Amino acid sequence: MNEPLVSIIMPAYNSEKYISESIESVILQTFKNWELLITDDRSSDNTQNVVEQYCAKDCRIKLYVNKENGGAGAARNNSITHAKGRYIAFLDSDDLWHPAKLEKQITFMLEHNYGLTYTSYQKFTGNSYLGVVTPPLSTNYSKLLSSNVIGCLTAIYDTEIVGKQFMPLIRKRQDMGLWLKVLKITPKAYCIRETLAYYRIDSGMTQNKFSVLKWQWRFYREVVKLNLLKACYHFSIYSIKGFIKHSV
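### Re the packing of helix H1 (residues 19-27) against helix H2 (residues 47-57)
Now for step 1: Close contact between H1 and H2 brings their axes to 10 Å; oriented N to C, the two are set at 25°. If you check the angle between H1 and H2, you find them roughly parallel. The chirality of how H1 crosses H2 is right-handed. Where H1 abuts H2, its residues Ile19, Ser20, Ile23, Glu24 and Ile27 lie against Thr47, Val50, Val51 and Tyr54.
Now for step 2: Of the residues in the contact of H1 with H2, the class split is 6 nonpolar, 2 polar and 1 charged.

### Here we look at the side chain of lysine 101
Now for step 1: Along the polypeptide, lysine 101 turns up in helix H4 (residues 101-112).
Now for step 2: One buried charge, lysine 101, has no salt-bridge partner; the nearest side chain with opposite charge is aspartate 95, at 11 Å.
Now for step 3: At a separation of 2.9 Å, a polar atom in the side chain of lysine 101 contacts the side chain of glutamine 105.
Now for step 4: Beyond its immediate stretch of four places on either side in the chain, lysine 101 contacts Gln29, Leu153, Thr154, Ala155, Ile156 and Leu196.

### Here's the deal with the nonpolar core
Now for step 1: Grouped together as the largest cluster of nonpolar side chains are 32 residues, with contacts concentrated most on Phe90, Leu116, Ile150, Tyr157, Trp179 and Tyr220.
Now for step 2: Going through the elements one at a time, strand E4 (87-90), strand E6 (116-125), helix H5 (141-146), helix H7 (174-182), strand E10 (189-200), helix H8 (209-223) and helix H9 (228-247) are the ones with two or more residues in this core.
Now for step 3: The biggest single contributor to this core is H7, with 5 residues.
Now for step 4: Leave out the neighbours within four places in its chain, and tryptophan 179 touches Phe90, Leu116, Leu144, Asn148, Ile150, Cys152 and Ala155.
Now for step 5: Of all hydrophobic cores here, the second largest spans 27 residues; its members include Ala12, Ile38, Trp97 and Ile106.

### Comments concerning the pattern of salt bridges
Side-chain pairing between opposite charges can occur once the charged atoms of the two side chains come close.
Now for step 1: Under the definition given, this model contains 7 salt bridges.
Now for step 2: Residues aspartate 92 and arginine 76 are paired through a salt bridge, measuring 2.9 Å at the closest nitrogen-oxygen approach. Of this pair, aspartate 92 sits in the loop between E4 and strand E5 (96-97) while arginine 76 sits in helix H3 (residues 72-82); the two residues are 16 residues apart in sequence, bridging distant segments of the chain. Take aspartate 92 and arginine 76: they sit in the same class, and that class is buried.
Now for step 3: Salt bridges here are not isolated pairs; linked through shared partners, they connect Arg86, Asp158 and Glu160.

Criteria and cut-off values
- Residues numbered from 1 in each chain as written.
- Predicted model: local features only at pLDDT ≥ 70, side-chain atom pairs only at ≥ 80, totals over all residues.
- Heavy atoms only, no water.
- Axes fitted to C-alpha atoms, helices over the stretch in contact; angles between N-to-C directions.
- Helix = DSSP H or I, 4+ residues; strand = E, 2+ residues; numbered from the N terminus.
- Parallel < 35°, antiparallel > 145°, perpendicular 65-115°, else oblique.
- Left-handed = near helix turned anticlockwise from the far one by under 90°.
- Contact = heavy atoms within 4.5 Å.
- Nonpolar A, V, L, I, M, F, W, Y, C, P; charged D, E, K, R; others polar.
- Buried < 20%, exposed > 50% of the residue type's maximum accessible area, 1.4 Å probe, protein only.
- Lys, Arg positive; Asp, Glu negative; His and termini not counted.
- Salt bridge = Lys/Arg side-chain N within 4 Å of Asp/Glu carboxyl O.
- Polar contact = N/O pair within 3.5 Å; in protein donor to acceptor, adjacent residues only side chain to side chain.
- Core = buried A, V, L, I, M, F, W, Y, C linked by side-chain atoms within 4.5 Å.

Given below as structure tokens:
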């Protein structure tokens with residue numbers, strides 16, 4: 001009963017097809033002291049009704065609804081506002097967690113007093129499991145600028161070390177903006193090299209490469225506010241690493 005509370009942040013938008021699986025992967029966690037805060041971003045499908053059924057059965061699950069569609073960052077920030085946990089974790093409404101994910105990651109953070117951690121994760125589509133993404137054992141602000149190695153579905157931060165932090169209000173790359181903000185407070189983020197999460201690639205969330213690069217450039221210039229030279233430098237590294245990553 002001494003487990004710290006973990007607040008799980010889940011944005012939802014037209015997620016009725018997959019959100020039940022995502023919620024069930026939270027319910028099946030061996031670590032039980034959690035709250036699941038779902039903010040619906042004005043879905044036009046049956047998402048809210050699906051979530052309400054879970055709320056009625058488990059008081060740890062709470063539903064909020066944005067007044068207007070603001071994107072995933074705004075939905076996540078709304079849930080973070082309501083979070084009561086020491087730890088803030090992230091899971092999108094089409095992704096899944098390994099049952100031991102929270103238990104292993106919170107133990108890891110408590111033992112080492114880490115402010116931000118992440119794990120390996122596996123891509124999947126339907127019933128087919130694809131490649132495992134194995135990030136480096138640690139990263140810092142300067143390294144993350146050129147390569148976002150922290151999968152949002154794997155990240156957890158400790159509010160006792162870095163405070164309650166929010167995502168920048170942009171349509172894409174909100175997670176990278178948050179990790180960089182946290183890494184200005186704590187010097188490094190650390191990885192558990194176990195596959196503790198599963199990233200769905202067939203939900204319509206995946207963008208084409210040109211769209212990704214467009215948003216990445218805007219992120220460097222408008223969010224991080226790098227000057228032109230530094231933006232070009234980090235953008236070139238990011239592009240090369242992305243090309244290599246998607247070519248293997």
